[in-house]
Amino acid sequence: MKRTVTKLFSGGMVLTALLSAACGKLDVVGTESVKSFRALLNNAPREIVSDEMTGGWVLFAPDGSAKFIWSKNYSESPLHDVMIVFEAQPFIDAGLDVNRLPESITVLDDTIIVGTKLGQEVLKYSGEPTPIASYEQIVKLKRSSIGYHGALDHYGVNLAGGNLFEWAKDMNTNDKDMVFVLNPEPFINAGVDPDAVEGWVFAKVTVDDENGKPVEVDKLLKPFNLL
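Residues numbered from 1 in each chain as written. Predicted model: local features only at pLDDT ≥ 70, side-chain atom pairs only at ≥ 80, totals over all residues. Heavy atoms only, no water.

Quick look at the packing of helix H2 (residues 28-42) against helix H4 (residues 131-141)
Pairs of packed helices are described in terms of their axes, by the angle between the two and the distance that separates them. The condition that has to hold: Every angle, taken between N-to-C directions, lies between 0 and 180 degrees, and every axis is a line fitted to C-alpha atoms, over only the stretch in contact when it is a helix. A run of DSSP states H or I qualifies as a helix once it reaches four residues; a run of E qualifies as a strand once it reaches two. Both are numbered from the N-terminal end. Here the angle decides the label: under 35 degrees means roughly parallel, over 145 means roughly antiparallel, 65 to 115 means roughly perpendicular, and every other value means oblique. Should the near helix be turned anticlockwise from the far one by less than a right angle, the crossing is left-handed, and should it be turned clockwise, the crossing is right-handed. It only takes one pair of heavy atoms within 4.5 Å for two residues to be counted as in contact. Any residue that is not Ala, Val, Leu, Ile, Met, Phe, Trp, Tyr, Cys, Pro, Asp, Glu, Lys or Arg is counted as polar, Gly included; the first ten are nonpolar and the last four charged.
Closest axis-to-axis distance for the H2/H4 pair is 10 Å, and the angle between their directions is 155°. On the basis of the axis angle, H2 is roughly antiparallel to H4. In terms of crossing hand, the pair formed by H2 and H4 is right-handed. For the pair H2 and H4, contact is made by Gly30, Ser33, Val34, Phe37, Arg38 and Leu41 and by Pro131, Ile132, Tyr135, Glu136 and Val139, respectively. Grouping the amino acids of the contact of H2 with H4 by side-chain chemistry returns 7 nonpolar, 2 polar and 2 charged.

Structure follows, in structure tokens:
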């Protein structure tokens, strides 16, 4: 039976220094996130496709209502290097006035786009780019964008502004294998009733603050169980 495993980690200054000195060799989050992301791709409900418009790889949600996109080449990304794209209509039905959204959130046709630039680097590959190789570039070049969410036992990519794309560390023991995560504040400010957005869950989520202390924050979640 699947279950959500809750873990909270803390460490002292000595441990932090030792980990920093060890550099990538002891980067458990970075290394294990690649392993779990590969498992996610292998169990994706649809084929991972290359998207010419965004210059990235596309991972679809099982119901097609959302997708995660990560860039093949930061120097060529026209908008964001990592982003989530999702249907706008549920938010409009819940009261959204798209004209009140901040400039950081893009409305394109019938979708909303939330994401961020990671850099301007020309990414270099050994052979042709692949979805997992492009994710490994994030770990290699933009390690601070990858995190571990202990409360849900997830790894995730930070999309800036309190938005994330997360996936289970272990899909065999987690009941939320893929989760699209939004900061509800800009949507609430634009007229959305967060409890009324069809297909999304408005919930309190436990995260670590800047001091490593667990705090509860509001999030809009679109979780999927793939196994």
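From this point, things continue past the structure.
Some remarks on the packing of aromatic side chains
Convention followed: Two rings belonging to Phe, Tyr or Trp (six-membered ring only in the last case) form a pair when the distance between their centres is within 6.5 Å. Interplanar angles under 30 degrees mark stacking, angles over 60 mark edge-to-face geometry, and anything in between is tilted. Burial classes: relative accessible area under 20% of the type maximum marks a residue as buried, over 50% as exposed, and values in between as partly exposed (1.4 Å probe, protein chains only). Charge-over-ring placement is defined geometrically: NZ (Lys) or CZ (Arg) within 6 Å of the ring centre, and within 35 degrees of the ring normal.
With the rule as written, the count across this model stands at 16 aromatic pairs. The interplanar angle of 65° and the centroid separation of 4.9 Å between the aromatic rings of Phe37 and Trp167 together place this pair among those described as edge-to-face. Taken together, the residues span a long stretch of sequence, with Phe37 in helix H2 and Trp167 in strand S9 (residues 164-168) at a distance of 130 residues. Assigned by exposure class, Phe37 and Trp167 land together as buried. Each member of the aromatic cluster is reached from another via a ring pair, and the members are Phe37, Phe68, Trp70, Tyr135, Phe165, Trp167, Phe180 and Phe224. The ring of Phe60 is capped by Arg46, whose NZ or CZ atom sits 5.2 Å from the centre of that ring.

Quick notes on the pattern of salt bridges
Two side chains that carry opposite charge are able to pair once their charged atoms sit near each other. To keep it simple, the criterion reads: For salt bridges, the criterion is a side-chain nitrogen of Lys or Arg within 4 Å of an Asp or Glu carboxyl oxygen.
Here the structure, examined in full by the defined rule, presents 6 salt bridges. Between Asp27 and Arg143 there is a salt bridge whose closest N-O contact spans 2.8 Å. Of this pair, Asp27 sits in the loop between helix H1 (13-22) and H2 while Arg143 sits in the loop between H4 and strand S7 (146-149), and the two are 116 residues apart along the sequence. In this structure, the salt-bridge partner of Lys204 is Asp218, at a minimum N-O distance of 3.0 Å. Taken together, the residues Lys204 in strand S11 (residues 201-208) and Asp218 in strand S12 (residues 214-224) connect sequence positions 14 residues apart. Residue Asp218 is classed as partly exposed on the basis of its relative accessible area, which comes to 31%.

Points about the sheet that holds strand S5 (residues 105-108)
Rule in force here: In this scheme, strands are said to pair when DSSP sees at least two bridges between them.
If you walk across this open sheet you meet the 6 strands as S1-S2-S3-S4-S6-S5, and the pairing is antiparallel. Edge positions in the open sheet fall to strand S1 (49-51) and S5, since each of these has one partner strand only. Direction aside, neighbouring strands of the sheet carry axes that sit 30° apart on average. Note that S5 and strand S6 (residues 111-116) share 4 bridges and pair antiparallel. What sits directly across from Val107, in S6, is Ile112.

What to know about the environment of Ala94
Here Ala94 is to be found in the loop between helix H3 (89-93) and S5. Sequence spacing of Ala94 and Asp193 is 99 residues, and the spatial spacing of their C-alpha atoms is 5.5 Å. The contact partners of Ala94, leaving out residues within four places of it in the chain, are Gly191, Val192, Asp193, Ala196 and Val197.

Re the confidence of the model for the protein
Keep this limit in mind: The predictor attaches a confidence to each residue, and that confidence, scored 0 to 100, is pLDDT.
Taken as a whole, the protein shows an average pLDDT of 89; of its residues, 89% reach a score of 70 or greater. The model gives residues 1-24 a pLDDT under 50, and that stretch makes 34 contacts with residues more than four places away or in other chains.

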